[in-house]
Amino acid sequence: MGITADLIQAESPAILVLLATALVYAGEQRVHNYNYAYLTTVDGEELIPALMKKYYRMVVAFPFLAFLTAFLLPRSWVPLHATLAGIAFIFLGFVLRTWSMRSLGRLWTKRCIYIADMPRAANGPYRFLKHPEYVARSLEGLGFILFFGLNPLSLLLWLRTMVIASRIVKVESRQLHELSAAPLHLANGSSTVGASKL
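This section reports on the structure supplied with the text. (Residues numbered from 1 in each chain as written. Predicted model: local features only at pLDDT ≥ 70, side-chain atom pairs only at ≥ 80, totals over all residues. Heavy atoms only, no water.)

## Quick word on helix α4 (residues 83-104)
Okay, step 1: Compared with an ideal rise of 1.5 Å per residue, which puts 22 residues at 32 Å, α4 spans 31 Å between its outermost C-alpha atoms and is within 8% of the ideal.
Okay, step 2: Within α4, the full set of buried residues consists of G86, I90, G93, F94, L96, R97, S100, M101, S103 and L104.
Okay, step 3: In the stretch just after α4, G105 is the one whose phi turns positive, near 60 degrees. (Helix = DSSP H or I, 4+ residues; strand = E, 2+ residues; numbered from the N terminus. Expected span 1.5 Å × (residues − 1). Buried < 20%, exposed > 50% of the residue type's maximum accessible area, 1.4 Å probe, protein only.)

## Quick notes on the nonpolar core
Okay, step 1: Of all hydrophobic cores here, the largest spans 27 residues; its most connected members are Y55, F144, F148 and I168.
Okay, step 2: For this core, the elements supplying multiple residues, two or more each, are α2 (12-41), α3 (49-72), α4, α5 (132-148) and α6 (152-177).
Okay, step 3: Looking at this core element by element, the count peaks at 9 residues for α3.
Okay, step 4: In this structure Y55 touches Y134, R137, T161, I164, A165 and I168, once residues within four positions along its chain are discounted. (Core = buried A, V, L, I, M, F, W, Y, C linked by side-chain atoms within 4.5 Å. Contact = heavy atoms within 4.5 Å.)

## Comments concerning the side chain of S154
Okay, step 1: For S154, the location among the structural elements is in helix α6.
Okay, step 2: Judged by relative accessible area, S154 falls into the buried class, the value being 0%.
Okay, step 3: If we skip the residues at most four places from it in the chain, S154 touches F62, A66, T69, I145 and G149.

## Thoughts on the packing of aromatic side chains
Okay, step 1: Evaluation of the coordinates by the stated rule reveals 6 aromatic pairs.
Okay, step 2: With 5.1 Å between their ring centres and 80 degrees between their planes, Y55 and Y56 make a pair best called edge-to-face. Each member of the pair Y55 and Y56 is classed as buried.
Okay, step 3: Between F144 and F148, the ring centres sit 6.2 Å apart and the planes meet at 10 degrees, which makes this aromatic pair stacked. Remark: F148 and F144 occur in helix α5; sequence separation between them is 4 residues, near one turn of the helix. (Phe/Tyr/Trp six-rings, centres within 6.5 Å; stacked < 30°, edge-to-face > 60°.)

## Focus on α5
Okay, step 1: Taking 1.5 Å per residue as the helical rise, α5 with its 17 residues ought to reach 24 Å, and the 24 Å between its terminal C-alpha atoms agrees with that figure.
Okay, step 2: Among the 17 residues of α5, 15 are classified as buried, and the element is accordingly described as predominantly covered.
Okay, step 3: After α5 finishes, the residue G149 shows a positive phi value of roughly 115 degrees.

Printed below as a string of structure tokens:
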């Protein structure tokens, strides 16, 4: 009993970070479900569904796997515990991701959905970055690596996630070239420009 209490106390910062991450991911899933249902009603064509599902499964699992690798590998393999830098990267990633989600409103989802004549996002972080969602996820992943301790296994998992993200970015970049500047007007006369902001 004492060992368990000591372990929980020693790992309480990590447990709090994982709990906060799980709550954020649960909220995102709820928004995704709501927006995905909407986008399929406006004739959205889902591209690369298997790759997108794989990417988001890896993204959700990564913080927990990074935490576990700190126990699986010898401490000599964990040369760096940059917890403050890790927290900063995680926080920056959360902020950038939330900003991009709010900028897209009803258009944000965990899937790559193409809708003909949909306007290209040009507000929020999209003024500066073409794919802020993936930049944010990359920063978060790097933050989790630094926070839980740098080791080869978590680094390889993060690099694998980045490879998948780069494949998605190629598809989405091709999709962006096909988007016009005109807003999509819905049946009720409203436009998706300035759609609800979460």
